[in-house]
Amino acid sequence: MPIATPESYAAMLDRAKSGGFAYPAINVTSSQTLSAALAGLAEAGSDGILQVSTGGAGYWSGGSRNDMVVGGLAFAACAKELAAQYPIEVALHTDHCPPDKLDGFVKPLLAISRERVEAGGLPLFQSHMWDGSAVPLAENLRIGAELLEACAAANIILEVEVGVVGGEEDGVVAEINEQLYTSPQDYLDTVAALGVGEKGRYLLAATFGNVHGVYKPGNVTLRPEILAEGQRVAAEHLDQPEGSKPFDLVFHGGSGSDPADIAAAIGHGVVKMNIDTDTQYAFARPVADHMFRNYDGVLKVDGEVGNKKVYDPRVWGRAAETSMAARVAQACADLGSAGKSPSA
């Protein structure tokens, strides 16, 4: 199917929220990982979100080039062609853009989408993420409000992060401390600055102990009840009925999470969960296995010629795609999106 339109993306998110499930948002860095993500979503009968970080977009442009805008354009163009083969709908998203990369990544892509929309076309991406977690909240929300206005003009959904996700993402390192937990006042400040849809639709990556990467059990404590408290205080402030969920929430740092924590988070309004580390490992594991088992074929050992049939990238690349696709399908099952695509 074609890439989601702004309207069908909004409908996807609405379905997730009302249906009590979330979509996997898979980071992809190449046509191979993109193909694997699409295959996994299709296998599960799930719509989904495909995304690139700043580092991922740079890699898309070519390892020696590192041009985030060119890479973003390449990703979007490739996704458009490959997604048309599958009976599911996917949205395109840019992940984790910190302050120092706004002018070189999200803003130029937003400008391109604005031009397309003004000419009667569709935006290039369906959503963009502003990661202001490293700056004071007031500045984070001030920039978020400016971006929300720009996104709304281009018919794009904005994602904001309020709180800090620990661990490391594209070289940005955050400590594991109390800032990992979004406070009730943070939620109210978000409503004051961004509204609840009247200024433009946005997704909120509130933090409840999230950490990028995979950590051993006991090193990180997730507290999904923080999401419930945020929904409650915002609904009360807005005079909404008890049990309302004014925020569309995002779960960052979800790799390796306990299924009970995932289910609890979804129950509190999470509609999107980022998945990167787990799919990276799923892609790399069969490649390592292939290389270890066929080292004398992939290497020209002791002056021999090797074996083209085992160092051909299509051989180990296909195994990597199959493994990653299976992990994506598992994510769909974990998040409850499997079998929920109206198109599948």
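To keep things clear, this report deals only with the structure shown in the data block. (Residues numbered from 1 in each chain as written. Predicted model: local features only at pLDDT ≥ 70, side-chain atom pairs only at ≥ 80, totals over all residues. Heavy atoms only, no water.)

## Topic: the overall build of the protein
Counting its secondary structure elements, the protein contains 13 helices and ten strands. At 20 Å, the protein has a C-alpha radius of gyration in line with the 20 Å of a compact globule built from 344 residues. When the backbone C-alpha atoms are referred to their principal axes, the protein occupies close to 75 × 50 × 40 Å. Summed over all atoms, the accessible surface of the protein reaches about 15000 Å², with 53% contributed by carbon and sulfur. (Helix = DSSP H or I, 4+ residues; strand = E, 2+ residues; numbered from the N terminus. Rg over C-alpha atoms; globule rule 2.2 N^0.38 Å. Areas by Shrake-Rupley, 256 points an atom, 1.4 Å probe, with all protein chains shown as cover.)

## Topic: the packing of helix H10 (residues 277-293) against helix H13 (residues 313-335)
Running from N to C, H10 and H13 point in directions that differ by 145 degrees, and their axes come no closer than 8 Å. Between H10 and H13 lies a crossing whose hand is right-handed. Between H10, through Asp-278, Thr-279, Ala-282, Phe-283, Pro-286, Val-287, His-290 and Met-291, and H13, the contact on the second element is made entirely by Val-315, Trp-316, Ala-319, Ala-320, Glu-321, Ser-323, Met-324, Arg-327 and Val-328. Its residues assigned to classes, the contact of H10 with H13 comprises eleven nonpolar, three polar and three charged. (Axes fitted to C-alpha atoms, helices over the stretch in contact; angles between N-to-C directions. Left-handed = near helix turned anticlockwise from the far one by under 90°. Contact = heavy atoms within 4.5 Å. Nonpolar A, V, L, I, M, F, W, Y, C, P; charged D, E, K, R; others polar.)

## Here we look at helix H6 (residues 137-153)
Relative to the 24 Å expected for 17 residues at 1.5 Å per residue, H6 spans 24 Å between its end C-alpha atoms, a close match to the ideal helical length. The inward-facing, buried residues of H6 contact helix H5 (106-118), strand S4 (127-130), strand S5 (157-162), helix H7 (184-194) and strand S8 (202-206). (Expected span 1.5 Å × (residues − 1).)

## Describing the packing of aromatic side chains
All chains considered together, the criterion is met by five aromatic pairs. Where Tyr-187 meets Phe-247, the ring centres are 5.7 Å apart and the plane angle is 40 degrees; that geometry is what we call tilted. In this pair, Tyr-187 sits in helix H7 while Phe-247 sits in the loop between helix H8 (225-237) and strand S9 (249-251), placing the two residues 60 residues apart along the sequence. With a centroid separation of 4.9 Å and 65 degrees between ring planes, the pair formed by Phe-208 and Phe-251 is classed as edge-to-face. Taken together, the residues span a long stretch of sequence, with Phe-208 in the loop between S8 and H8 and Phe-251 in strand S9 at a distance of 43 residues. (Phe/Tyr/Trp six-rings, centres within 6.5 Å; stacked < 30°, edge-to-face > 60°.)

## Thoughts on the side chain of Gln-126
Along the chain, the position of Gln-126 falls in the loop between H5 and S4. Since its relative accessible area comes to 4%, Gln-126 is described here as buried. Among residues more than four places away in sequence, those in contact with Gln-126 are Ile-3, Ala-4, Thr-5, Tyr-9, Ala-91, Leu-92, Ile-156 and Ile-157. (Buried < 20%, exposed > 50% of the residue type's maximum accessible area, 1.4 Å probe, protein only.)

## A closer look at unusual backbone geometry
Here His-96, not a glycine, exhibits a phi torsion of approximately 40 degrees, which is positive. Within the fold, His-96 resides in strand S3 (residues 90-97). The class for His-96 is buried, based on a relative accessible area of 5%. One non-glycine residue with positive phi stands out, namely Asp-239, at about 60 degrees. One can find Asp-239 in the loop between H8 and S9.

## Let's talk about the state of the cysteines
For the structure on display, the rule yields zero disulfides. The thiol of Cys-97 is not disulfide-bonded; the next cysteine sulfur, from Cys-151, is found 11 Å away. (Disulfide = S-S within 2.5 Å.)

## Some remarks on the pattern of salt bridges
Side chains that differ in charge, positive against negative, can pair when their charged atoms come close. On inspection of all chains with the given rule, the structure shows 16 salt bridges. When the shortest N-O distance is used, the salt bridge between Lys-17 and Asp-248 registers 2.9 Å. In this pair, Lys-17 is assigned in helix H1 (residues 6-19) and Asp-248 in the loop between H8 and S9, connecting sequence segments 231 residues apart. The class of Asp-248 is buried, set by a relative accessible area of 9%. (Salt bridge = Lys/Arg side-chain N within 4 Å of Asp/Glu carboxyl O.)

## Brief notes about the pairing of strand S2 (residues 48-52)
Counting buried positions along S2 gives five out of five residues, so the element sits mostly inside the fold. Burial along S2 is two-sided: Gly-48, Leu-50 and Val-52 and Ile-49 and Gln-51, pointing in opposite directions, are all buried. Pairing analysis gives three bridges linking strand S1 (residues 23-27) to S2, with the strands arranged parallel. Following the sheet pairing, Ile-26 is matched in S2 by Leu-50. Both S2 and S3 contribute to a ladder of five bridges, which runs parallel. If you follow Val-52 over to S3, its bridge partner there is Thr-94. (Pairing = 2+ DSSP bridges.)

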